[in-house]
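Structural overview for review
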Amino acid sequence: MNKTIDLSKHIEKEKHFTFNVIYNTYYRRSFLFVKSYVRDDFVAEDIVSDSMIALWQNIDYSKSDSIPSFLLTILKNRALDYLKHKKMEQKVMTTRSNWEKQELNIQIEALEACDPSDIFSEEIKNIVEKTLDSLPDKTKQIFQMSRMEEKTNKQIASELDLSEKAVEYHISRALRALYVALKDYLPLFYFFFYFI
């Protein structure tokens with residue numbers, strides 16, 4: 001109560017020092033109030049400093065006895081804005097973290113379920129054979145030379161009298177077809193067919 005009376009006297013006498021008077025009178029208690037909610041010294045300092053400036057810019061000199069109430073309202077609203085923003089950030093982080101955990105669990109389960117013997121199963125062999133048989137002869141031949149005979153694009157181009165670009169085109173075409181056909185076995189597709 002005395003602080004408020006002292007403040008009103010200062011305001012009447014030294015209006016050009018109003019900000020310093022308000023700051024010196026209310027800073028510490030404002031800081032402790034805000035810090036008790038935001039639990040961070042630096043954030044509390046920022047909120048209090050901004051609130052003091054807002055108070056000073058909107059002060060009504062004729063109602064100096066209402067300054068504590070007005071300041072407390074500003075502090076409360078700014079601290080609330082900060083906490084609501086922090087809550088939203090945590091919600092986003094939690095959602096992202098949950099999604100990443102779920103994705104990781106799916107990857108672990110998929111890898112645990114991967115049976116190397118499936119790689120050589122009749123089903124896979126049939127899919128690959130049918131897919132390659134559906135391709136034009138030249139594409140099938142180039143792909144087999146590349147992946148089964150492990151020849152370089154340059155060697156294939158030389159043997160078939162084609163440009164390396166044409167060889168790359170046929171290999172890409174075959175890979176696209178196999179990618180679609182083996183969509184349920186993508187890790188195997190990458191393991192066996194996708195190399196440079």
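Residues numbered from 1 in each chain as written. Predicted model: local features only at pLDDT ≥ 70, side-chain atom pairs only at ≥ 80, totals over all residues. Heavy atoms only, no water.

Considering the overall build of the protein
So the rule is basically this: Put simply, DSSP marks the helices as runs of H or I at least four residues long and the strands as runs of E at least two long, and each gets a number from the N terminus on. Only protein chains enter the accessibility calculation, which uses a 1.4 Å probe; a residue whose area is less than 20% of its type maximum is buried, one above 50% is exposed, and one in between is partly exposed. In what follows, residue pairs with any heavy atoms lying within 4.5 Å of each other are defined as contacts. Throughout, the Shrake-Rupley method with a 1.4 Å probe supplies accessible areas, and for residues the shown protein chains are the sole cover considered.
Each helix and strand in the protein was counted, giving 10 helices and zero strands. Looking at the protein as a whole, 28% of its 196 residues are labelled buried. Taking the contacts inside the protein whose residues are at least 6 apart along the sequence as the reference set, 56% of them involve residues at least 24 apart. If you sum the accessible surface of the protein, you get close to 14,000 Å²; carbon and sulfur atoms cover 54% of it.

Re helix α9 (residues 164–181)
Stated precisely, the cut-off is as follows: To estimate how far a helix should reach, multiply one less than its number of residues by 1.5 Å. It is the directions from the helix axis to the C-beta atoms whose arc is reported.
Compared with an ideal rise of 1.5 Å per residue, which puts 18 residues at 26 Å, α9 spans 26 Å between its outermost C-alpha atoms and is within 8% of the ideal. Residues of α9 that are buried: Val-167, His-170, Ile-171, Ala-174, Leu-175 and Leu-178. Along the long axis of α9, the arc covered by the buried residues comes to 135°, so they all point the same way. Opposite the buried face of α9, at more than 90 degrees from it, the exposed residues are Lys-165, Arg-176 and Val-180.

What to know about the pattern of salt bridges
In plain terms, the rule: Every case where a carboxyl oxygen of Asp or Glu lies within 4 Å of a side-chain nitrogen of Lys or Arg is listed as a salt bridge.
In this structure the tally under the stated criterion is five salt bridges. Across the pair Asp-41 and Lys-35 runs a salt bridge whose closest N-O atoms are separated by 3.0 Å. Counted as one network, the salt bridges with shared partners bring together Glu-149, Lys-151 and Glu-159.

A closer look at helix α8 (residues 153–160)
The complete set of buried residues in α8 reads Ile-156, Ala-157 and Leu-160. Considered in projection along α8, the buried side chains sweep an arc of 100° and stay on one side of the axis. In this structure, α8 carries Lys-154 and Ser-158 as exposed residues pointing more than 90 degrees from its buried face. In the core, the buried residues of α8 are packed alongside α7 (137–148) and α9. Looking one or two residues past α8, Asp-161 carries a phi angle of roughly 55°, positive in sign.

Observations regarding unusual backbone geometry
Phi at Arg-39 takes a positive value of approximately 55°, unusual for a residue other than glycine. Mapped onto the elements, Arg-39 comes out in the loop between α2 (18–38) and α3 (41–58).

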